[in-house]
Amino acid sequence: MRFVLLGPPGSGKGTQAKMLMKKYNIPQLSTGDILRAEIKKKSKLGNNVKAIIAAGNLVSDDIILNIIEKCDKNGTCRDGFILDGFPRTITQANGLKKLLKKRDLKLNKVININIPDKEVIKRISGRWTCTNCKEIFNVYSKPEKKKGKCDKCSGELYQRDDQKEDVVKDRLKVYKKQTAPLIEYYKKEKNLIDINGILSIKEVFEEILKKL
Ligand code: AP5
Ligand code: MG
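A brief look at the structure comes next.

Cut-offs used in this document
Residues numbered from 1 in each chain as written. Chains lettered and ligands numbered in written order. Predicted model: local features only at pLDDT ≥ 70, side-chain atom pairs only at ≥ 80, totals over all residues. Heavy atoms only, no water. Helix = DSSP H or I, 4+ residues; strand = E, 2+ residues; numbered from the N terminus. Rg over C-alpha atoms; globule rule 2.2 N^0.38 Å. Contact = heavy atoms within 4.5 Å. Areas by Shrake-Rupley, 256 points an atom, 1.4 Å probe, with all protein chains shown as cover. Axes fitted to C-alpha atoms, helices over the stretch in contact; angles between N-to-C directions. Left-handed = near helix turned anticlockwise from the far one by under 90°. Nonpolar A, V, L, I, M, F, W, Y, C, P; charged D, E, K, R; others polar. Near = heavy atom within 4 Å. Polar contact = N/O pair within 3.5 Å; in protein donor to acceptor, adjacent residues only side chain to side chain.

## Observations concerning the overall build of the protein
Right, on to step 1. Within the protein one finds nine helices and eight strands.
Right, on to step 2. Computed over the C-alpha atoms, the radius of gyration of the protein is 16 Å, within 12% of the 17 Å expected from 2.2 N^0.38 for a compact globule of 212 residues.
Right, on to step 3. By sequence separation, contacts in the protein at least 24 residues apart represent 69% of the contacts at least 6 residues apart.
Right, on to step 4. Of the roughly 11,800 Å² that the protein leaves accessible, carbon and sulfur atoms contribute 52%.

## Details of the packing of helix α2 (residues 31–41) against helix α3 (residues 44–54)
Right, on to step 1. Where α2 meets α3, the axes come as close as 8 Å, and the angle between the chain directions of the two elements is 115 degrees. For the pair α2 and α3, the sense of crossing is left-handed. Two secondary-structure elements touch here, α2 through Leu35, Glu38 and Ile39 and α3 through Leu45, Gly46, Val49, Lys50 and Ile53.
Right, on to step 2. In terms of residue class, the contact of α2 with α3 is built from five nonpolar, one polar and two charged.

## Description of the site of ligand 1
Right, on to step 1. In the vicinity of ligand 1, 36 residues are found, and the nearest of them are Thr15, Asn57, Arg127, Ser141 and Arg171.
Right, on to step 2. In the environment of ligand 1, an oxygen atom lies 2.8 Å from a nitrogen or oxygen atom belonging to the backbone of Gly10.
Right, on to step 3. Burial of ligand 1 by the surrounding chains reaches 96%, relative to a free accessible area of 1,000 Å².
Right, on to step 4. Elements represented by at least two residues in the shell around ligand 1 include exactly α1 (13–24), α2, α6 (117–125), β6 (136–138) and α9 (201–211).
Right, on to step 5. In terms of residues, the shell around ligand 1 owes the most to one element, α2, which gives four residues.
Right, on to step 6. Residues belonging to the shell around ligand 1 are distributed by class as follows: 14 nonpolar, 14 polar and eight charged.

## Quick word on the environment of Asp62
Right, on to step 1. Position of Asp62 among the secondary structure elements: in helix α4 (residues 61–73).
Right, on to step 2. Residues Asp62 and Asn191 lie 129 residues apart in sequence; the distance between their C-alpha atoms is 25 Å.

Next comes the structure, spelled out in structure tokens:
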């Protein structure tokens, strides 16, 4: 299976990707997670993108397509994948299409999760992520059992640098301008499914499975 998860920041892409990964036994490829890992390592790439991500802007298409090509070459996604947060621009979508065409492959479905702006701010402000396994929690909808510790691996929970309200508002603007046009792009390709993201985490997952 080859899926793309599309949707505004905080719509639940990472949350649903992890559930789909378990269900279909295919890897989640999150460009956001990859970039944050580079920042943590203080690599050259990490140092180059740190300020861009903290400001809520998009990293350049060249850098992102380079990351995806590397993943393609090392074979991580040979037997299927869930792309979370990629593609994010028309240029990235065309890059992905080219890469798949080379292997005579196509995307199965593009899962578009819809939530209103107000919900985005609330969800992101309440999010805590595991430093170790990247499991995602939320004070309102998915609190951890032991304060500050991951239920799965006991790792420390943290809040991301781009979680501040003013940065989230900027990320939403960037999403609307640069990423939302992909909805029409994939509608034309006839593989987009629309999901109501304001249901509970479990209900959203069930709706996705029903529509896949
Ligand atoms: P990225 O890491 O991809 O962030 P994002 O798309 O802005 O989305 P988030 O990760 O914030 O939200 P999500 O949709 O995954 O929601 P989550 O499951 O966490 O990108 C970060 C940055 O990296 C970008 O701004 C850019 O700078 C750069 N970047 C990355 N990819 C790039 C690319 N391709 N091109 C260029 N730049 C790129 O859920 C949110 C919270 O809500 C959680 O706490 C969760 O528990 C809770 N929740 C989830 N679902 C529900 C529900 N149904 N009900 C109630 N609560 C819920
Ligand atoms: Mg995410």
